[in-house]
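# Secondary and tertiary structure notes
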Amino acid sequence: MKKSLFKISNDERGKHKIIEIFGVQLKVNLFCLHSVFGRLADLILSKDKKKIVFFSIPTISDNPYWLYKYINDNHSDKYKCYWLTSNVVKDKALCPKNTFELFSLKGLYHLYTAKFVVSNHCDDFVDMVYSKRHVWLNLWHGMPVKTIGFCEKSVPKKILKRYKKLGEMAYQFATSDIFKTLILTSFKSDYNKCFVTGLPRTDGIYNDSNDKKIREYFGFDNYKKVVLYSPTYKQAKRAKVRDIETEFSNIFYLKDYLHEDFLKYLEQNQILFMVKPHPLDEKFYRENVDKIFVQTSNVRVIYSDELFEQNIQMYEMFKHFDMMISDFSSIALDYLILNKPILYLNNLDGEYLTNRGAILEDNYKMFMPGASVYNYSDLIAGIEDCLGVDSYKHTREKLLPLVHKYPDKFASQRIFECMTKF
């Protein structure tokens, strides 16, 4: 067979075009390319006031997903919703109607003709949607405990420019007055462009349409208790550095961790231990963690692509967990809505605070209504307390109104009502 001398293909995430000429491969960053040509398209093409495009990381998830669901379920007669994906989705049947790859002609057409753009990160996509002709809603991906935006340490100039664009152009949303202040500070935003509405993903906590499927798929009914371990990222490289330089052979980063003892404890107490890595750390978990638990029925590592393939959103699962173990992750703040026990594994907080930092510095623990544990024996004791006595129940009740002004299922509705006034 004659070999092609010139070939163009996508990389795995669809972020680059791989151009091969005479066996030499060149990578072209599509975000950079289209951020330039997109400015021209943005100026030329008129905007449809009834068109909304959604873009999320991970694909079709988090806050954009729940706002999309609300608008599509309740206002599809007035607004047309479109999903754009930066990565290549192999099974199109898993996607909502009107889903297009961002760098396809249709995807770019819908992006540059939509009046409303919804996203949840400050990544390459920012350079494409930075325009006064769009109404840009950046829903972010959680309220900050660790530093974000301009409060971060050692942020590259390229990323700072994106934070500046986000702060200037995007409408933003918070869960309470305290977090509105922190968001405004982090992105140097206009006070009048940030609204206290709650986050759409917490609407998913109250969604029960998938309950039966979730319990059957994960086998929750085969166990007495289900524990979620959901830490923030530590191994992922951001700006070529990790927030945690120390590396351990276990998921807890504990020097005194006893693997066989932990598995025995779970088995004896009929506990299913669910591990949900941060999306940025999933590659590390696949390469280093999965093989440790391959023969274990009491530990289950779940990944974003698995949830996507099963049409399950993470927040729909919250009600099925009896407790959560976390650290600086914003997911623990959202779990607070259920007033269920939370345990904080902060054995690396010294290194983490030095490299990344907490947004309230010495006062960050006010947002951690649970015991902080630093070694293996305290971890087991903490789990025991959470599943038994639950010593911090009243502490969580007092903190809830400071974190969530609206602990209900109507965040998407409030954001939609704001959107129609922009």
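This write-up is about the structure you can find in this document. Residue numbers restart at each chain and count upward from 1, following the sequence in its written direction. Where totals are concerned, whole chains, interfaces and linings use all residues; where local detail is concerned, this predicted model gives features only for residues with pLDDT of at least 70, and gives and counts side-chain atom pairs only at 80 or more. The side-chain numbers reported here are obtained from all heavy atoms of the structure, hydrogens and water having been left aside.

### Regarding the pattern of salt bridges
Spelled out, the test is: Whenever Lys or Arg places a side-chain nitrogen within 4 Å of a carboxyl oxygen from Asp or Glu, that contact is recorded as a salt bridge. Under the DSSP-based scheme used, a helix requires at least four consecutive residues in state H or I and a strand at least two consecutive residues in state E, with every element numbered from the N terminus. Burial status follows relative accessibility: with a 1.4 Å probe on protein chains alone, a residue under 20% of its type maximum counts as buried, one over 50% as exposed, and anything between as partly exposed.
Enumeration over the complete set of coordinates arrives at 16 salt bridges. Between Asp 62 and Arg 201 there is a salt bridge; the shortest N-O distance is 2.8 Å. Of this pair, Asp 62 sits in helix H2 (residues 62-74) while Arg 201 is found in the loop between strand E10 (194-196) and helix H7 (211-218), placing the two residues 139 residues apart along the sequence. The exposure classification of Asp 62 matches that of Arg 201, with both residues buried. The shortest N-O distance in the salt bridge between Lys 69 and Asp 73 comes to 3.0 Å. Remark: Asp 73 and Lys 69 occur in helix H2; sequence separation between them is four residues, near one turn of the helix.

### Brief notes about the nonpolar core
The condition that has to hold: We define a nonpolar core as any set of buried Ala, Val, Leu, Ile, Met, Phe, Trp, Tyr and Cys residues linked to one another through side-chain atoms lying within 4.5 Å. A contact between two residues is defined here by any heavy atoms of the two lying within 4.5 Å.
Leu 111, Met 274, Met 317 and Phe 321 are the most contacted members of the largest nonpolar core, which has 70 residues in total. Tallying contributions element by element places helix H6 (residues 177-187) first for this core, with five residues. When neighbours within four sequence positions are excluded, Met 317 is seen to be in contact with Ile 214, Phe 218, Phe 220, Met 274, Ile 302, Leu 307 and Ile 312. Judged by nonpolar contacts, the second largest core, of 32 residues, contains Tyr 229, Tyr 257, Leu 266 and Ile 271.

### What to know about the pairing of strand E8 (residues 135-138)
What counts, and what does not: At least two bridges found by DSSP between two strands are what make those strands a pair.
Burial of the side chains of E8 extends over both faces: Val 135 and Leu 137 are buried on one face and Trp 136 and Asn 138 on the other. As paired elements, strand E7 (residues 114-119) and E8 share four bridges and run parallel to each other. Looking across to E8, one finds that Val 118 is bridged to Leu 137. Looking at chain direction, E8 and strand E9 (residues 171-174) are connected through two bridges and run parallel. Bridge pairing links Leu 137 to Tyr 171 in E9.

### Things to note about the sheet that holds E8
So the rule is basically this: Each axis is a line fitted through C-alpha atoms, and for a helix only the stretch in contact is used; angles between axes span 0 to 180 degrees, taken between their N-to-C directions.
A sheet is described by the order of its strands in space; here seven strands give the open sequence E6-E5-E4-E7-E8-E9-E10, paired in parallel fashion. Edge positions in the open sheet fall to strand E6 (99-101) and E10, since each of these has one partner strand only. Strand-to-strand, the axes of this sheet are offset by a mean angle of 25°, without reference to chain direction. In this sheet, strand E5 (residues 80-85) lies alongside strand E4 (residues 48-54) in parallel orientation, the contact comprising four bridges. Its bridge partner lying in E5, Ile 52 is registered against Cys 81. Set on the sheet, helix H5 (residues 157-169) makes contact with E8 and E9; between it and E8 the angle comes to about 115°.

### Focus on the packing of aromatic side chains
Threshold: Here a Phe, Tyr or Trp ring, Trp counted by its six-membered ring, pairs with any other such ring whose centre lies within 6.5 Å, and the pair is stacked when the planes are under 30 degrees apart, edge-to-face when over 60, and tilted otherwise. Should the NZ of a Lys or the CZ of an Arg lie within 6 Å of a ring centre and within 35 degrees of the ring normal, that charge is described as sitting over the ring.
Under the defined criterion, the tally for this structure stands at 32 aromatic pairs. For the pair Phe 220 and Phe 321, a centre-to-centre distance of 6.2 Å together with 70° between the ring planes defines the contact as edge-to-face. Within this pair, whereas Phe 220 is found in the loop between H7 and strand E11 (225-229), its partner Phe 321 is found in the loop between helix H10 (304-309) and strand E16 (323-326), the two being separated by 101 residues in sequence. Of the two residues examined, Phe 220 and Phe 321, each falls in the buried class. Through pairs of rings, three or more aromatic residues link up here, namely Tyr 229, Phe 252, Tyr 257, Phe 262, Phe 273 and Tyr 376. One residue, Lys 180, lies across the ring of Tyr 191, its end atom 3.7 Å from the ring centre. Positioned over the ring face of Tyr 406 is Arg 414, at 3.9 Å from the centre of the ring.

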